[in-house]
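Secondary and tertiary structure notes
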Amino acid sequence: MIEQLTAQQRKVAYLIGIVVLMVPIILLGMPATDEASSGGQLARLRQTHDLGESSLGKVDPTSATMNLVLLGMRGIAVNLLRMELDTQKDRKQWAQMRATTESVILLQPHYIQVWRYLGWNLAYNVSAEWDAVEDRYFWVKEGAKFLMQGAEKNRRHPEVYWETGRTLGQKIGRADEWKHFRKFFKIDPDKDRYPNGPDSDINPEGKDNYLVAKEWYQKANDAEEQHEQHIMMRALFRSYPARSQLDYAEALQKEGLFDETTRNAWSLAYKDWVEGFGKMVFQEDDFEIYLEADAKDVDQIADTSKVDRPLVERAIDIHQKVSNYKFWRTKAHAEMQVNTQGVHRELYEAEQLFKKGDLEASQEALDSGLKRYELMLETYPDLGMDDNTLEEGLWAVMLWQKIYQLKNQIQPEEFPLKAIWEREAGRIPNIQQDFNRKFGPSS
Amino acid sequence: MTFDHAPFLFGPALLHWVLVFGCFAGIVFSVSVLIALGVYGASGPTAVMGRVWQGLHDFLGISPRRIWAISLLTIKEAVRRKALFVFVVFASLVMFAGWFLESDLRADLQVKNAVSFALTTISWLTLPVVLLLSCWGLPEDIRLRSIHTIVTKPVRRNEIVMGRILGFSIVASLIVSMMGVVGYVWIRRQVPNNAELICRVPVYGELSFLDREGNLTDKGVNTGDIWEFRSYVEGGTRSSAVYKFPMDKVTDNVRFESRFEAFRTHKGRIGQSLLVRYVLVNPTKGLRVPLGSFEVAEFGLNEKDVDRQISFFDEDKNDNRTVDLFDDVVDQNTLTVEVQCLDAGQYLGMARPDMFIRMPDRSFVVGYFKAVVGVLLLSIFLISIGVTSSTFVKGPVSILLTFTVLLVGQGFREFMLKLITGEQKGGGPIESWYRLITHMNDTLQLPDNFGVKLMQSIDNLFMGGLWLVQHLIPDLSYFVMSPYVANGFDVPWSTAMAKCIAMTVGYLVPCLLVGYYSLTLRELEAK
């Protein structure tokens, strides 16, 4: 029959066929817009089951195009790029390596492990290869920026948010160069690009690194409520925003800040830890628990869930031990007290006075500080198990002994913290080594 | 990348070329004689000799006028095939490239990106055009039988090949030079105001090392790097790197530029980079002139200017002294510089190209157009291969062959070398296949049996073929000169330009011969 039609009629028939076929195609495949339940049948199914590219995070059109262009060759291309990446790393071609990293991610935008591995690589491995602290900081920032990009493209994965928080918090705050890094976080060393301010890509409001990390950990927790994370025990994962606040308060102290800001930081840390993290609900097999539950709460959980009380107690105990919950609660509570801040301030000031050569004033500050230190331990005996607290006390005793040596005086038989000095004798050699390196060996 | 390739030595290179070309010609001649003997009997070798004689006659009697006429026809054909439309693509790219190049980068990186973009675009647009034109021309003429209008005239076959190569080369020159000029203007407009287009001229020296006791060694310490490009000197000891620079000219001052790498075995002083010191040495006079120390800018640039008159504290004589760089320090036209790391327990890494004397800069335009000439030379090389292969295979096959030469020559020679030398584990194609299907990784020992031996013997044949390919296809990465210019260096004559010119000419001659004989022996009636 087709042969009987004229060329023009055939064209019209084809056109009608095309238009008719377009109707089901549009109904099935129309792309979704920002509005809910928009788009064709397939788009709505993708939205329902959270499978669409748009629901995964920010869509990178180049990435989708690249995948389309490569068709089935994406795996091969990624392998080649990863080999190139390794070669560039071995040959220390950092700028090229950064570009290759971007290419890999263009092809694998939703592989979480790729983001985590490459982000770590930039922030930890590449930064360590550089000698100048400013250069190391640049690469830590590169790692953090890379992870932020990953989080934006994978909004439902809590892991990448968490990695970003870790890089901004722990890498910047706990590296050997932490003093420099923390300063750089607020005032970037690249004066040309960021005159007298932070790198706005990672710290637009010029906050402390731990506070920015806290925001990212919080984002991770928000995402975790929708999608399970696969990197650690849930209780531990969810403790990080509060932990970051604790880290912030501790960092202020390490930097010699003992004013209201530090006390407020500890107060907030205590609140975050006890009222925030402590009241978070965790699901056990047949019942729900929270870490701040007292005896009455345990009874109520046992009664409501119809499980044995010891089972509830055990579950709470495990969660508390995993997150070191009780210790941090005690620590935060202790540190927000005026006396505790006074201890830290006096011991810190004693060292500063010692460095200036004012031995009398230093000794006076130490005497007072060590006595208050003992009082602190009496009030909070748990702090006697904390490494940092003990190190601070033993260091102060060494300084106290050193002053006696320098003044050619015999130190008294009895001195503050003697009990701890004798009990913790095993820790002394290492701390003494650091002390001697800083202030010279004992005569 | 390193900009310090081995210099091109014309004498040994020519000798090597004559040897390879002579062997190649000899093998082809011998095989031809043997085949002719087998096919035609006693008259065969005479016929081969006749062909050789005819070839000699044809090459000695070439007519530039006829070659030029064919070249003009080739140019017209290229224009007719809309080859010059490539300018439209180039213009579009240049017009909108600025939108896509990052403008918030450091000024020097913006320059690097702009220069790389311009030269890469010229290269990527030109090479496919000349590849398609050169591979498609002759087979199309043969297919359409338009070649009969030429071969029936008193034109020799070698003149057809030469005319084609010349014609396409002129088209390539036109495209590359016009794009080069436009690209240059674009770069000038693209670079930020605070950036500088520079063209450094480095003079590299010879490098040796002194160990911690001060004994001369070839290498320093390996601090665990997989890539053994750099060797390290130990800080706070007598260990140092000894650079010997040729110094032929007397100048008012000398500028050293270096890019060293630091390796720390302990944290050291956080916030301060490793301290480095240069010591100028005259071994004959026993003179040692220490210069002021400086903090190393790792993976960055350390610049040190030294005036001709140098004042320093002589530790041996315990006195301040002033010496003349050229009269007192330079010894037999050689300036010896010891590089020391002053931080005990830390290490400083360097390779030969990591330190050089920076001579007065050349104009950027010189370096840039040298790189453009590099693209042109690569185009001519491809045209030679393309035209030659199109004399004995059809267009698509010729394109595939020439493209393979380009691909392998630019990126796979190193990999092939690893395969041939056995550095790349996993064996030849059959062994790899065997390991793949039996899930054996490349570190596992294969069983010792006849099958494996047979498999490896066949693989050895493949490897032999690969060896031949590896030696036939040159390293085309030398033609890519944009990294020199993008990183602010001049394109050196000896290590880059001369090498590429020699490579182009060196392949052009055998290509002409192969092309001539292929076209002579080819049945032009066959499509």
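These figures come from a predicted structure and were not determined experimentally. (Residues numbered from 1 in each chain as written. Chains lettered and ligands numbered in written order. Predicted model: local features only at pLDDT ≥ 70, side-chain atom pairs only at ≥ 80, totals over all residues.)

Looking only at helices and strands, chain A features 22 helices and two strands. Compactness check: chain A gives a C-alpha radius of gyration of 30 Å against a globular reference of 22 Å for 443 residues, more than 25% above the reference. Counting only C-alpha atoms and orienting by the principal axes, one finds that chain A spans roughly 120 × 65 × 35 Å. Residues classed as buried in chain A amount to 34% of the 443 residues present. (Helix = DSSP H or I, 4+ residues; strand = E, 2+ residues; numbered from the N terminus. Rg over C-alpha atoms; globule rule 2.2 N^0.38 Å. Buried ≥ 20, exposed ≤ 12 C-beta atoms within 10 Å, placed from the backbone.)

Residue and element names in this part refer to chain A. In terms of domain boundaries, chain A breaks down into domain 1 (2-51), domain 2 (109-227), domain 3 (241-246 + 254-335) and domain 4 (337-439). Spacing between the C-alpha centres of domain 3 and domain 4 amounts to 31 Å. On the domain 4 side, the residues contacting the nine residues of domain 3 number 11 residues. Elements represented by at least two residues in the side of domain 3 that touches domain 4 include exactly α14 (260-276) and α17 (325-335). In terms of residue count, α17 provides more of the side of domain 3 that touches domain 4 than any other element does, five residues in total. Class assignment of the residues belonging to the side of domain 3 that touches domain 4 gives a composition of three nonpolar, three polar and three charged. (Domains from an automatic or database assignment. Contact = placed C-beta atoms within 7 Å. Nonpolar A, V, L, I, M, F, W, Y, C, P; charged D, E, K, R; others polar.)

Glancing now at the domain arrangement of chain B. Residue and element names in this part refer to chain B. Here chain B is partitioned into domain 1 (1-61), domain 2 (63-197 + 363-420 + 472-521) and domain 3 (201-359). Tallying the contact residues gives 13 residues for domain 1 and 14 residues for domain 2. Breaking the side of domain 1 that touches domain 2 down by element, the ones donating at least two residues are α1 (10-40) and α2 (43-60). Among the elements that make up the side of domain 1 that touches domain 2, the one with the highest residue count is α1 (four residues). Looking at the side of domain 1 that touches domain 2 residue by residue, the class counts come to 10 nonpolar, two polar and one charged.

Attention now moves to the pairing of strand β4 (residues 231-234) of chain B. Residue and element names in this part refer to chain B. A two-sided burial pattern is seen for β4, the buried positions comprising Ser-231 and Val-233 on one face and Tyr-232 and Glu-234 on the other. Examined bridge by bridge, β4 and strand β15 (residues 346-350) share four bridges and lie antiparallel to one another. Along β15, the bridge assignment pairs Val-233 with Leu-348. (Pairing = 2+ DSSP bridges.)

What follows concerns the confidence of the model for chain B. Across chain B, the average pLDDT comes to 88, with 97% of residues at 70 or higher. Predicted complex metrics record ipTM = 0.73 and pTM = 0.77. (pLDDT = per-residue confidence, 0-100.)

Attention shifts here to the sheet that holds strand β1 (residues 201-204) of chain B. Either a parallel or an antiparallel arrangement is found when strands of a sheet pair, and the pairing is made through backbone hydrogen bonds. Residues and elements named next belong to chain B. Here we have four strands laid out as an open sheet, ordered β1-β16-β6-β11, and antiparallel in their pairing. At either margin of the open sheet sits one strand with a lone partner, and together these are β1 and β11 (302-307). When strand polarity is set aside, the average angle formed by the axes of neighbouring strands in this sheet is 35°. Relative to strand β16 (residues 355-359), strand β6 (residues 253-258) is paired through four bridges, and the arrangement is antiparallel. Along β16, the bridge assignment pairs Arg-255 with Arg-358. (Axes fitted to C-alpha atoms, helices over the stretch in contact; angles between N-to-C directions.)

All names here are of chain B. With antiparallel pairing, three strands are arranged side by side in an open sheet as β4-β15-β7. Only two strands of the sheet have a single partner each, and these edge strands are β4 and β7 (261-264). Strand-to-strand twist across the sheet, computed as the mean angle between neighbouring axes with direction ignored, equals 30°.

What follows covers the interface of chain A and chain B. Tallying the contact residues gives 11 residues for chain A and 11 residues for chain B. For the side of chain A that touches chain B, a count of residues per class yields four nonpolar, one polar and six charged.

With that out of the way, let us pick up helix α20 (residues 387-406) of chain A. Residue and element names in this part refer to chain A. Helix length check: α20 (20 residues) gives 28 Å between terminal C-alpha atoms against 28 Å at 1.5 Å per residue, within 8%. Taken together, the buried positions of α20 are occupied by Thr-389, Gly-393, Leu-394, Ala-396, Val-397, Met-398, Leu-399, Trp-400 and Lys-402. Looking at the packing, one finds that the buried side of α20 touches α18 (338-356), α19 (359-379), α21 (418-423) and α22 (428-439). (Expected span 1.5 Å × (residues − 1).)

We now examine the packing of helix α15 (residues 295-305) of chain A against helix α16 (residues 309-322) of chain A. Residue and element names in this part refer to chain A. Their axes nearest at 9 Å, the elements α15 and α16 cross at an angle of 120°. One way to sum up the angle between α15 and α16 is to call them oblique. Relative to α16, α15 is oriented so that their crossing is right-handed. Of the residues in α16, those in contact with Val-298, Asp-299, Ile-301 and Ala-302 of α15 are Arg-309, Val-312, Glu-313 and Ile-316. Class assignment of the residues belonging to the contact of α15 with α16 gives a composition of five nonpolar, no polar and three charged. (Parallel < 35°, antiparallel > 145°, perpendicular 65-115°, else oblique. Left-handed = near helix turned anticlockwise from the far one by under 90°.)

As a further point, take the packing of α18(A) against α19(A). Residue and element names in this part refer to chain A. Two numbers describe how α18 lies on α19: the axes approach to 8 Å, and their chain directions differ by 155°. With respect to their mutual orientation, α18 and α19 come out roughly antiparallel. With respect to the hand of their crossing, α18 and α19 are arranged in left-handed fashion. Facing Asn-339, Thr-340, Gly-342, Val-343, Glu-346, Leu-347, Glu-349, Ala-350, Leu-353 and Phe-354 of α18, the residues of α19 in contact are Leu-359, Ala-361, Ser-362, Ala-365, Leu-366, Ser-368, Gly-369, Arg-372, Tyr-373, Leu-375 and Met-376. Among the residues making up the contact of α18 with α19, the classes are represented as 12 nonpolar, six polar and three charged.

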